[in-house]
Each structure stands twice: as C-alpha cells, then as structure tokens.
Amino acid sequence: MDLILNNPLASMYGPYFLVLYSVAIIFSAIFLLIVKKMIDSTDKLPIPNISNNVDPFEISYLRGKEEELARSVIFSLMQKDFLEFSETKVSITRKNPEASIDRLTNIEQITLNWLGKQRSTSEVFDKNGLLLQLESYGRKYKEKLENQQMLVNDDIRQKFSAFKWFALLSLFGLGAYKVLASVLNGKTNVMFIVILTVVSYFVIRKVSTLPRISKLGQVYLDRLQMAFSNLKNNTLNLYSTNKNNQQTPQQTTFAGVDPMLLSVGVFGGAILAGTVYDSYNQAFARSNAMSSTSSCGSSCGSCSSSSSGSSCSSGSSCSSGSSCSSGSSCSSCGGCGGCS
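Keep in mind that what you see is a predicted model, and the values were worked out from it rather than measured. Each residue is numbered by its place in its chain's sequence as written, counting from 1. Given that this is a predicted model, residues contribute local features only at a pLDDT of at least 70 and side-chain atom pairs are listed and counted only at 80 or more, while totals for whole chains, interfaces and linings are drawn from all residues. Processing note: side-chain calculations cover all non-hydrogen atoms of the structure and skip hydrogens and water entirely.

Help me understand the overall build of the chain in this model?
Of the regular secondary structure elements, the chain holds twelve helices and three strands. We call a residue buried when its accessible area falls under 20% of the maximum for its residue type, exposed when it is over 50%, and partly exposed in between, using a 1.4 Å probe and counting protein chains only. Within the span of the chain, comprising 340 residues, buried residues form 44% of the whole. For the area figures, the Shrake-Rupley method with a 1.4 Å probe applies, and any residue is considered shielded solely by the protein chains shown. By element, 56% of the accessible surface of the chain is carried by carbon and sulfur atoms, the whole surface being about 17300 Å². Segments assigned H or I by DSSP are reported as helices when at least four residues long, segments assigned E as strands when at least two residues long, and all are numbered from the N terminus.

Below you can see the structure in the form of structure tokens.
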C-alpha cells in the first residue's frame, strides 16, 4: 500500500502530472495514427483493371453507401423519363405511369414502386425511406467490395480495435490512478485530471475512426475518375443547357452503359450542375439543406460532413481530395451537408 501511495507518480506535483498526462495523450494519438496508416496494407495489392461490365450503381455504393446508391438509381429513372422533380424542387413525381417497367432493372423497379406517385426528396433518406428498401443491394455490394478489398473489412477493424482499447484503457488507468492516489493522500483538487481523462477519450475516439474505403479502393476510385474524365466532359457538353435546353439524344459509348449515368456513378451528381438535369442537383441540395436544419439544429457543426450542400449536393465523393463539385467522394451524415 505504501508503494502505491508513495512513488514518484503518486506524489508528483499536480501541474507536472497534467503536462505528463497531456504528453501521454498526444503520444497515444500519434501512435494510433501510425497504426491506422499501417494496418491497411491494401495499397500493396495490384490495382484491379477497370471491368468491361462497369456497374454505375456499384461504383456509387463504393463512393457513399446506400445514400449514393439511391441518388444514382433515382437519376437513372429520371433519365429514362419515369420521374421528374417538382418546380419547387422538394418532391419527386412519377411520370408516364402507364409506361412499361419491364426494361428496368430490379433495383430500379423497387425504387420506382417505393416512390409511388410522389415522394418528398427528404423522405428518400429517412430511417424507413428508400435506403431501407435498398439495404439488400447494399449488403450485396458491400460483400463484393470487401472481398475485392475495396472497403475496410471487419478483420482490419477488429485488429485496430485492440490498439484503440489499449490506448483508451492505459490513459483511463493513468488518470484514475492519479485521482485515487491524490484522494488517498488528502488532495481533492483533481478536477483538471478528470477533465483531461474525458478529453483523452474524445481524442482517441476521433483519431481511431477508420475510413470506410480502403487504400486500394481509394486508388481504384481515382483511377476510375481519370479513366472516365474525357467521357464525363464530352457527355456534359452534350447535355449542357447552352444547347437551348434541348436534351441531346443519349449516346451509349461504354459497355452498354449510358455515359451520363456512368459519369454520375463515378463522379457524383454534382457534375449535373449546368446541364438539363440541373433540377436533380438542385432538388437534393435543397433536401439536404432542409435535413441539415431539421435534424442537426444548432449542433450541426459537430455533424460529420455528408454528400450534400451546394458543391456536394448530390453526393460526390472527395475521394481524390478535389472539390466536391468535381465529383470526388463524400461520406454521409444523414443529410447534414458538406464534404468530409
């Protein structure tokens, strides 16, 4: 008992211990950042070739989970003249209800049936909205992408979790020990130690957040964006509103996939700004802005940025570090807005 209460650490002058504790927190954070960088070794794997059967919905899911998948499917239905956005840009309306849906894929039919005659754009991302209907497709894409090591899988997360908990428990143990030793030695001014212990939890939690997309998946996304940059530019020129707002006939130019849909899958819907499909871009921008106000309220500043906002309005991805408007990869925060 004497050794526990009478040792350099237990008897250390309070301000000195706070400095020591702060250094321990910083060291732990740096250690975890290094481990986080090293634990994903997928960057050493060969980069997959771009398939001749590119699935724009799969690419959308890779960029931003079910949120981006839903946006891409809705755009596909709009492009095929099954949907339109209201003049106020807050609802999606079914067009040509008598049109045959046989030519639609299963995921498009499910989305169209859920939308019914009309839905608010904000409903798409509600808890029981379209995302729930697309969960089975999300699981399929997730399993496939994890097998290809495009996503950080559970095995990597479990390995990293051991380091995270070691850091957390070590810092908590150090703080708790000093508090206990101080109280037993008759010193009750331990508030700053308690505050630092709480701070250490949030610091470690912050630096321990693993990215969703693996290093290999990030490189693959960058390669896709480079490979299809010319296709995107040529396609956007065809659909530019400078052409007297007349939609140019679609030109299927890559593996039977419409180039505009493929461009949206790879770069995100923000690229549609200034085209004949700008109503799509504006609708989701307004929807996300409304969701940001209603669900985040005054605390939205703490919300993780999502695939929305003026430059990230339809869910691009920031994946290559470029601005969202150019179609990089964005994560989602339940409709709060901005790029992560």
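Having seen the model, we can carry on.
Mind showing me how you'd approach a nonpolar patch on the surface here?
Taken together, the side chains of Met191, Phe192, Val194, Ile195, Val198, Val199, Tyr201 and Phe202 define a hydrophobic patch exposed on the protein surface, amounting to about 760 Å² of accessible area. Position of Tyr201 among the secondary structure elements: in helix α8 (residues 191-207). Residue classification places Tyr201 among the partly exposed residues on the basis of a relative accessible area of 37%. Only residues whose relative accessible area exceeds 30% and that form no salt bridge enter a patch; like-charged residues are grouped when within 9 Å of one another, and nonpolar side chains (Val, Leu, Ile, Met, Phe, Trp, Tyr) when within 5 Å. Salt bridge, as applied in this entry: a Lys or Arg side-chain nitrogen positioned within 4 Å of an Asp or Glu carboxyl oxygen.

What exactly am I supposed to notice about the nonpolar core here?
A general feature of soluble globular proteins is that nonpolar side chains tend to end up buried together. For our purposes a nonpolar core is just a set of buried Ala, Val, Leu, Ile, Met, Phe, Trp, Tyr and Cys residues, chained together by side-chain atoms within 4.5 Å. One finds Ile74 and Leu83 to be the most contacted residues of the largest nonpolar core, which totals 52 residues. The contact rule is simple, with two residues in contact once any of their heavy atoms fall within 4.5 Å. With residues up to four places along the chain from it excluded, the contact list for Leu83 reads Ile74, Leu77, Met78, Ile92, Thr93, Arg94, Lys95, Leu112 and Leu115. By size, the runner-up hydrophobic cluster in this structure holds 18 residues, among which are Tyr21, Leu32, Ile193 and Ile204.

What is the right way to read helix α6 (residues 135-147) from this model?
Given 3.6 residues per helical turn, the α-helix brings residues three or four places apart onto the same face. Between its first and last C-alpha atoms α6 spans 18 Å; for 13 residues at 1.5 Å apiece the expected length is 18 Å, and the two agree. Looking at the buried positions of α6, the neighbouring elements they touch are α3 (56-79) and α4 (106-115). Just downstream of α6, Gln149 is the residue with a positive phi angle, here 60°. Here the expected span of a helix is defined as 1.5 Å times the quantity of residues minus one.

For this particular structure, what's the right way to read the packing of aromatic side chains?
Any two rings among Phe, Tyr and Trp, with Trp reduced to its six-membered ring, count as a pair given centres within 6.5 Å; such a pair is stacked if its planes are under 30 degrees apart, edge-to-face if over 60, and tilted if neither. In this structure the tally under the stated criterion is eight aromatic pairs. Each ring, one from Phe75 and one from Tyr280, has its centre 5.5 Å from the other, and the planes form 70°; the classification is edge-to-face. On the criterion of sequence distance, the pair formed by Phe75 in helix α3 and Tyr280 in helix α12 (residues 278-296) is long-range, its members being 205 residues apart. Tyr280 shares its class with Phe75; the two are buried. Note on Phe85 and Tyr280: the rings are 5.9 Å apart at their centroids and 75° apart in plane angle, and the pair reads as edge-to-face. Here Phe85, found in strand β1 (residues 83-85), pairs with Tyr280, found in helix α12; they are 195 residues apart in sequence, far enough to count as distant.

What am I meant to see in the pattern of salt bridges here?
Between side chains of opposite charge, a pair can form when the charged atoms approach closely. By the definition in use, this model includes eight salt bridges. The closest approach of N and O atoms between Glu68 and Arg71, which form a salt bridge, is 2.9 Å. With a gap of three residues between them, Glu68 and Arg71 both fall in helix α3, about one helical turn apart. Each member of the pair, Glu68 as well as Arg71, is classed as buried.

Teacher, can you tell me more about the side chain of Ser28 here?
Checked against the element boundaries, Ser28 lands in helix α2 (residues 14-39). In this structure Ser28 comes out as buried when scored by relative accessible area, which is 12%. When sequence neighbours within four positions are dropped, the list of residues in contact with Ser28 reads Ala167, Leu171 and Ile204.

Whenever I open this one, the sheet that holds strand β2 (residues 91-94) confuses me. Can you help?
In any sheet, the strands associate via hydrogen bonds between backbone groups, in a parallel or an antiparallel arrangement. The pairing criterion is simple: DSSP has to find at least two bridges between the two strands. The antiparallel open sheet is built from three strands, whose spatial order is β1-β2-β3. Two strands in the sheet have a free side with no partner beyond their single neighbour: β1 and β3 (118-120). Within this sheet the neighbouring strands show an average axis-to-axis angle of 20°, counted without direction. Sheet analysis places β2 next to β3, joined by three bridges and oriented antiparallel. Among the inter-strand pairings, Ile92 is bridged to a residue of β3, identified as Arg119. In this analysis, axes come from line fits to C-alpha atoms, helices being fitted only over the stretch in contact, and the angle between any two N-to-C directions falls in the range 0 to 180 degrees. Strands β1, β2 and β3 of the sheet are contacted by α4, whose axis makes an angle of about 85° with β3.

Is there a simple way to think about unusual backbone geometry in this case?
Across the chain, the bulk of peptide bonds are trans and the bulk of non-glycine residues have phi less than zero. Phi at Lys65 is positive, roughly 60°, even though this residue is not glycine. Note that Lys65 resides in helix α3. With phi around 60°, Gln149 is a residue other than glycine that occupies positive phi space. Structurally, the position occupied by Gln149 is in the loop between α6 and α7 (154-184). On the basis of relative accessibility, which here comes to 31%, the residue Gln149 falls in the partly exposed class.

Which parts of the structure should I look at to understand the packing of α3 against α4?
Packed helices, taken two at a time, are described by their axes: the angle between them and the distance between them. Look at α3 against α4: their axes get within 9 Å of each other, and the N-to-C directions meet at 65°. Judged by the twist between their axes, the crossing of α3 over α4 is right-handed. Only Ile107, Glu108, Thr111 and Leu112 of α4 make contact with α3, whose side of the interface consists of Phe57, Leu69, Val73, Ile74, Ser76 and Leu77. Lys, Arg, Asp and Glu make up the charged group, whereas Ala, Val, Leu, Ile, Met, Phe, Trp, Tyr, Cys and Pro make up the nonpolar group; the residues left over, Gly among them, are polar. For the contact of α3 with α4, the per-class residue count stands at seven nonpolar, two polar and one charged. Handedness of a crossing follows from how the near helix is turned relative to the far one, being left-handed for an anticlockwise turn of less than a right angle and right-handed for a clockwise one.

Hey, could you run me through the environment of Ser86 in this one?
For Ser86, the location among the structural elements is in the loop between β1 and β2. A residue is classified by how much of its surface remains accessible, and Ser86, at 16% relative accessible area, is buried. Taking the C-alpha atoms as reference points, Ser86 and Ser279, separated by 193 residues in sequence, lie 8.6 Å from one another.

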